[in-house]
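Remarks on the overall topology
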Amino acid sequence: MKIGVTGATGQLGNFVVAELKKRVASEDIVALVRTPEKAAELGVEAREFNYDKPETLAESLKGIDHLLLISGSEVGKRKEQHTNVVNAAKEVGIQWIVYTSLLHADTSSLSLADEHLATEAVLKSSGIDYTILRNGWYTENYTGSIAGALQAGAFIGSAGEGKVSSAARIDYAEAAAIVITDTSYKGKVFELAGDEYYTLNDLAAEISKQTGKDIPYNNLPEKDYAEILKSVGLPEGLAYAIAGWDVGASKDDLYDDSKQLSALLGRKTTPLSETVKAAL
Ligand SMILES: NC(=O)c1ccc[n+]([C@@H]2O[C@H](COP(=O)([O-])OP(=O)(O)OC[C@H]3O[C@@H](n4cnc5c(N)ncnc54)[C@H](OP(=O)(O)O)[C@@H]3O)[C@@H](O)[C@H]2O)c1
């Protein structure tokens, strides 16, 4: 029984492979990656796998039974890319695809939702058994901005008082490894998020507490936030996308209180304070 993991050289994929190695033999794991040389440290078989090269995908999937399709990172290209993977999986008779989607993809106002929902539809009509992991926000999306906040003296965003139930990447990775090694999860759609929510005010308070500095949260209009992100070097499209996702957060698009992630893990999700500490 071989398990293929796409995006295995990415941050989530790295953790997933490590978690899988705790559960199955390394020989049963195949890293499906754009650059096999980058996968050497994973300690498992690596095969070239580029979502943009549909004609090559089936060959790389040969012998794989269960596939974890980690969503790609090129926003706007992903419906086509993921469809390429599903088509190749059909061709070689993959039995089960587990896909990393977006929290509440069917109701979320985030601009990211469309591609995830479209991929879910492709999967559902493929005839292949599937499981959907609708992953919430990584806490690291926000803690990645701590250095900048310390430099600027404030944490900025457009999330207002929105509730964010994020979890650490490792939590989602462990959940993915648990699911793909247990076929009883076939057919399920999980809404995965952290056990406890916080607002960006709470996040700023946690940073202040841990650093001993006064770091307030400054809530900005979407355009102002995007323009600041642009001014520090982000491409315009990404700057506006990030600001837009924060507006989604202000409407509680990143909030979920179902605790399905900790139920899967059999432990609490990583608390905000721990991820802040790790970032510092
Ligand atoms: N829930 C959240 O908060 C959140 C945040 C960011 C992203 N995401 C989604 O979750 C995914 C995993 O997150 P992450 O943190 O691990 O992101 P990441 O570190 O950027 O990893 C993305 C992975 O996708 C691979 N990839 C990109 N384009 C590809 C293509 N054309 N063909 C094959 N592989 C391709 C990358 O390959 P290389 O290693 O060769 O670059 C990389 O391994 C992301 O791709 C994105 O869809 C979720």
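The rules behind each value
Residues numbered from 1 in each chain as written. Predicted model: local features only at pLDDT ≥ 70, side-chain atom pairs only at ≥ 80, totals over all residues. Helix = DSSP H or I, 4+ residues; strand = E, 2+ residues; numbered from the N terminus. Buried ≥ 20, exposed ≤ 12 C-beta atoms within 10 Å, placed from the backbone. Near = placed C-beta within 6 Å. Nonpolar A, V, L, I, M, F, W, Y, C, P; charged D, E, K, R; others polar. Domains from an automatic or database assignment. Pairing = 2+ DSSP bridges. Axes fitted to C-alpha atoms, helices over the stretch in contact; angles between N-to-C directions. Contact = placed C-beta atoms within 7 Å.

Overview of unusual backbone geometry
Even without a glycine there, the phi angle at H104 is positive, about 50°. Relative to the helices and strands, H104 resides in the loop between β5 (96-102) and α4 (113-124). Given 19 C-beta atoms within a 10 Å radius, H104 is considered partly exposed. Backbone geometry at D252 places phi at a positive 65°, although glycine is not the residue there. Of note, D252 is situated in the loop between α10 (236-250) and α11 (260-265).

Points about the site of the ligand
Around the ligand, the structure places 25 residues, and the nearest of them are G7, T9, G10, L12 and S71. Split by residue class, the shell around the ligand holds seven nonpolar, 15 polar and three charged. Two domains each provide a minimum of three residues to the shell around the ligand, namely domain 1 (3-135) and domain 2 (137-166 + 193-256 + 270-280).

Some thoughts on the sheet that holds strand β3 (residues 45-48)
With parallel pairing, seven strands are arranged side by side in an open sheet as β3-β2-β1-β4-β5-β6-β8. Where the open sheet ends on each side, the last strands, each with one partner, are β3 and β8 (189-192). Taking each pair of neighbouring strands and ignoring which way they run, the sheet shows an average axis angle of 20°. Strand direction decides the pairing type here: strand β1 (residues 3-6) and strand β2 (residues 29-33), joined by four bridges, are parallel. Bridge pairing in β2 places T6 opposite L32. Where helix α7 (residues 169-180) meets the sheet, its contacts fall on β1, β4 (66-69), β5, β6 (129-135) and β8, and the angle it forms with β6 comes to roughly 165°.

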